[in-house]
Each structure stands twice: as C-alpha cells, then as structure tokens.
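Here is what each chain is made of, one letter per residue.
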Amino acid sequence: MDSIAYVNGSFVPLSEAKVSILDRGFLFADGIYEVSAVLDGKLVDNASHLARLERSVGEISLPLPENIDRIIEIQKELVARNKLENGLVYLEVTRGADKGRDFAFPKGVKPTLIMFTSVKDIVNAESARKGIAVITVPDIRWTRRDIKSVALLAQVLGKQAAAEAGAGEAWMIEDGKVTEGGSSSAFILTQDDVIVTRQNGSEILPGCTRKAVVKLAEERQLRVEERAFSVDEALKAKEAFITSASLFVQPVVSIDGKTVADGKPGPMATRLREIYVDFARATAT
Ligand code: PLP
C-alpha cells in the first residue's frame, strides 16, 4: 500500500505526491534537506536536525514556508498517518517554482516543502553487527559542505562506486585527509584510545549524530580529538566507524579492501552504538 507523503500543505499518497518541473530544487538543486530517524514511533534527536535545517536555509537565504513548530507537527502527523514505528522522515525545502528558469531568486514565490517516510530497522541492521566496508574517492564537492544542500551528485557517484565495489560507504579524501563519508561522519579510534573525528568547518557537514556521539563519549570520560586524519592513520587505528541519522553508529571493518585491525567490529564502536541507541530511546520525541 502507498505510504502518505506531505506536499505543500496536503497529505497525499506517495504516488500522487508531485511538484512542478519548474521547481528550483529540480532545476538548480536550490534546496535543503534533513533526515530524522524514527524509533518506536518517535523522532530521534529531531531538535538538532531542525536547528541544522534553520542554519542551512539561513545560509542560502531561503525562508522556511512553515515555522519550526508546524514542521514538527507535520513530521509527527506523517509518522502517525504512516503508522511508522522504525524508519526515517525525509524533509526537503526548495525555493519553489517560478514561471521560468531564472537563476536569481524569484520574487513572491512560496518555497516548496515536502516530506515522506521510509521503513528501516536501524537498531537491528545486519551491517551494524557485521561492520561495513568503505572505499575511498576524491572529494569533488563544492566548498560549502556545512550546508545540507540537495546537490548530492558527488555523493551519488561516490556511493555508486562503493556499491559497485561491494562496499557500504565511500570516504571522501581531500589533501590526503578523510573529510567524511558520502552520507555519514567518519571516526577512528587510535592505538592509544583516542576517538578522532574531523573538526566541523565548511569542509564537512556538521553531523547531528556525530555531535551527539562526541558529547556522549565525553560525558563518559572517553578521550575525543576533533582533527583530520588520513586513510593511513585509519588503517593503523584500533577501530574505525561512521555515524549518521540513518545508521546511528556502524563499525568500519575495511578500507579499500584492507582490513582495519582484525577486520571485525571493535568494542568501542559497539559500545558507542549501544550508548547512542539508549540516548535515542530516552530522548526521542
Ligand atoms: N556527512 C554527510 C555528507 C551526510 O550526508 C550525512 C547525513 O546524511 C552525515 C554526514 C551525517 O549527518 P547526520 O548524523 O546528521 O545524519
């Protein structure tokens, strides 16, 4: 059965959910998106995702067509209408559809807001038990990766290369250092037990899961360093792992076909995953 989507004020079956071919999200990738996980019917760390949404739209001078409280109401109504227990809510806002294809911002055009849900059992994902393989690709993206833009062609190509290589994620490399995964933040655990993840800045998306995991680790007196690391360092590390709203924490067991440590999910990634799942359950709204 068709799930229900939200399009500009209406809840409609997904197969009937449509926007104009003149929508600037379609023509220019002139839009921002967010993905929040749903656990036991509740939104995980959603305030963090909506704070990042507000920041992203602000950076491109795109006014939200609804206020944040209304956006939360719509997210919750969509979860309820779809009877979604475990999965994701995808949200996208674009600069709307004008009468033609002028690059400059249109005047008097209402931004487009769409949402849809998908079912995913993130907690019991097999890839979390087995760990995932990653490949590396050059980071060919623009220089404002802190904005969660829908322009994802570089990630599409990177993740396609990963899929063709039988890997679960592509780590993007710039100036000899890992920036992040195609749709995840990258971490390692050094031989002296320091959790390392790249510092926020315009080179990466400030991951909401990354932020929560760093805080949860620090609260437990685990050592965290926010700095760039190389693939070589990752291959010499005790562990590697990734975080995202749609995966939580997942161990990385190989990079470009070479195993990380013994090629098995490590205890730190496993522990941080459990800590994150507990946090997600305890704070979901
Ligand atoms: N980095 C990139 C490039 C992403 O696309 C994503 C998620 O889609 C992340 C990191 C992880 O961010 P979050 O934890 O907020 O899902």
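None of the values given here were measured: they were computed from a predicted structure.

### Quick notes on the nonpolar core
For step 1, the next point in the chain: Residues Val 44, Ile 195, Phe 241, Phe 248, Leu 272 and Tyr 276 are the most contacted members of the largest nonpolar core, which totals 33 residues.
For step 2, the next point in the chain: Breaking this core down by element, the ones donating at least two residues are β3 (31–39), β5 (87–94), β10 (185–189), α6 (208–219), β14 (248–255) and α8 (267–283).
For step 3, the next point in the chain: If one sorts the elements of this core by residue count, α8 sits on top with seven residues.
For step 4, the next point in the chain: Counting the residues that make up this core, at least three belong to each of domain 1 (4–119) and domain 2 (126–283).
For step 5, the next point in the chain: Beyond its immediate chain neighbours, meaning those up to four positions away, Val 44 contacts Ala 37, Leu 39, His 49, Tyr 276, Ala 280 and Ala 284.

### Things to note about the sheet that holds strand β1 (residues 4–7)
Sheet strands pair via backbone hydrogen bonds, and the direction of the pair is either parallel or antiparallel.
For step 1, the next point in the chain: Read across the sheet, six strands follow the order β2-β1-β6-β5-β3-β4 without closing on themselves; strand pairing throughout is antiparallel. Of all strands in the sheet, those with a lone pairing partner are β2 (10–13) and β4 (42–43), marking the two edges.
For step 2, the next point in the chain: Pairing geometry for β5 and strand β6 (residues 112–119), over eight bridges, is antiparallel. Each bridged residue has a counterpart across the sheet, and for Glu 92 the counterpart in β6 is Ile 114.

### A short note on a nonpolar patch on the surface
For step 1, the next point in the chain: Taken together, Ile 140, Leu 153, Val 156 and Leu 157 make up a surface patch of nonpolar side chains, about 420 Å² in accessible area.
For step 2, the next point in the chain: As for its position among the elements, Leu 157 is in helix α5 (residues 153–164).

### Quick word on the layout of surface pockets
For step 1, the next point in the chain: When its volume is computed, the largest pocket comes out at roughly 660 Å³.
For step 2, the next point in the chain: In this structure, the largest pocket is lined by 33 residues; those nearest its centre are Tyr 33, Lys 148, Gly 182, Ser 183 and Leu 205.
For step 3, the next point in the chain: For the lining of the largest pocket, the elements supplying multiple residues, two or more each, are β3, α2 (46–59), α5, β9 (177–181), α6 and β13 (239–244).
For step 4, the next point in the chain: Among the elements that make up the lining of the largest pocket, the one with the highest residue count is α5 (five residues).

### Examining the site of the ligand
For step 1, the next point in the chain: Neighbouring the ligand are 18 residues; Arg 52, Glu 180, Cys 208, Thr 209 and Ala 245 lie closest to it.
For step 2, the next point in the chain: A distance of 2.6 Å is found between a nitrogen atom of the ligand and a side-chain nitrogen or oxygen belonging to Glu 180.
For step 3, the next point in the chain: For the ligand, the protein covers 94% of the area, taking 390 Å² as the surface of the free molecule.
For step 4, the next point in the chain: With respect to the detected pockets, the ligand is housed in the largest pocket.
For step 5, the next point in the chain: When contributions to the shell around the ligand are tallied by element, the ones reaching two or more residues are α2, β9, α6 and β13.
For step 6, the next point in the chain: Of the residues that constitute the shell around the ligand, the class distribution is four nonpolar, 10 polar and four charged.

### Here we look at the packing of aromatic side chains
For step 1, the next point in the chain: One pass over the full model with this rule turns up eight aromatic pairs.
For step 2, the next point in the chain: Ring centres 5.9 Å apart and planes at 65° place the aromatic pair Trp 171 and Phe 229 in the edge-to-face group. A residue pair is termed long-range when its members are at least 10 positions apart, and Trp 171 in strand β8 (residues 169–174) and Phe 229 in the loop between β12 (223–226) and α7 (231–235) qualify at 58 residues. Neither Trp 171 nor Phe 229 differs from the other in exposure class; each is buried.

### Quick look at the packing of α6 against α8
For step 1, the next point in the chain: Viewed as axis vectors pointing N to C, α6 and α8 meet at an angle of 105°, and their least axial separation amounts to 10 Å. As judged from the angle between their axes, α6 and α8 are roughly perpendicular. In contact with Thr 209, Ala 212, Val 213, Leu 216 and Ala 217 of α6, α8 contributes Leu 272, Ile 275, Tyr 276 and Phe 279.
For step 2, the next point in the chain: Classifying every residue of the contact of α6 with α8 gives eight nonpolar, one polar and no charged.

### Thoughts on helix α3 (residues 68–81)
For step 1, the next point in the chain: Compared with the 20 Å implied by 1.5 Å per residue over 14 residues, the 20 Å span of α3 between its first and last C-alpha is a close match.
For step 2, the next point in the chain: All of the buried residues along α3 are Ile 68, Ile 71, Ile 74, Gln 75, Leu 78 and Val 79. Buried residues along α3 cover an arc of 135° about the axis, so they all sit on one side. Facing away from the buried side of α3 by more than 90 degrees, the exposed set consists of Asp 69 and Ala 80.
For step 3, the next point in the chain: Measuring from the side-chain oxygen of the N-cap residue of α3 to the backbone nitrogen of Asp 69 gives 3.2 Å; that N-cap residue is Asn 67.
For step 4, the next point in the chain: Of the residues trailing α3, Lys 83 is marked for its positive phi of about 50°.

### Considering the domain arrangement of the protein
For step 1, the next point in the chain: We note that the domain assignment places domain 1 (4–119) and domain 2 (126–283) within the protein.
For step 2, the next point in the chain: Just the C-alpha atoms count here: the centres of domain 1 and domain 2 sit 26 Å apart.
For step 3, the next point in the chain: Domain 1 puts 21 residues into the contact, and the matching count from domain 2 is 22 residues.
For step 4, the next point in the chain: When domain 1 packs against domain 2, close to 1800 Å² is buried across both sides, 62% of that on carbon and sulfur atoms.
For step 5, the next point in the chain: Linking Asp 40 and Arg 281 is a salt bridge whose minimum nitrogen-to-oxygen distance equals 2.9 Å.

Cut-offs applied
- Residues numbered from 1 in each chain as written.
- Predicted model: local features only at pLDDT ≥ 70, side-chain atom pairs only at ≥ 80, totals over all residues.
- Heavy atoms only, no water.
- Core = buried A, V, L, I, M, F, W, Y, C linked by side-chain atoms within 4.5 Å.
- Buried < 20%, exposed > 50% of the residue type's maximum accessible area, 1.4 Å probe, protein only.
- Helix = DSSP H or I, 4+ residues; strand = E, 2+ residues; numbered from the N terminus.
- Domains from an automatic or database assignment.
- Contact = heavy atoms within 4.5 Å.
- Pairing = 2+ DSSP bridges.
- Patch = residues over 30% accessible without salt bridge, like charges linked within 9 Å, V, L, I, M, F, W, Y side chains within 5 Å.
- Areas by Shrake-Rupley, 256 points an atom, 1.4 Å probe, with all protein chains shown as cover.
- Salt bridge = Lys/Arg side-chain N within 4 Å of Asp/Glu carboxyl O.
- 1 Å grid on protein atoms, 1.4 Å probe; cavity = no way out; pocket = protein on both sides within 12 Å on 5 of 7 lines; lining within 4 Å.
- Points joined across faces, edges and corners; volume = space filled by probe spheres on them.
- Near = heavy atom within 4 Å.
- Polar contact = N/O pair within 3.5 Å; in protein donor to acceptor, adjacent residues only side chain to side chain.
- Sits in = over half its atoms within 2 Å of the grid points.
- Nonpolar A, V, L, I, M, F, W, Y, C, P; charged D, E, K, R; others polar.
- Phe/Tyr/Trp six-rings, centres within 6.5 Å; stacked < 30°, edge-to-face > 60°.
- Axes fitted to C-alpha atoms, helices over the stretch in contact; angles between N-to-C directions.
- Parallel < 35°, antiparallel > 145°, perpendicular 65-115°, else oblique.
- Expected span 1.5 Å × (residues − 1).
- Arc of directions from axis to C-beta.
- Buried area = accessible area lost by both parts, 1.4 Å probe.

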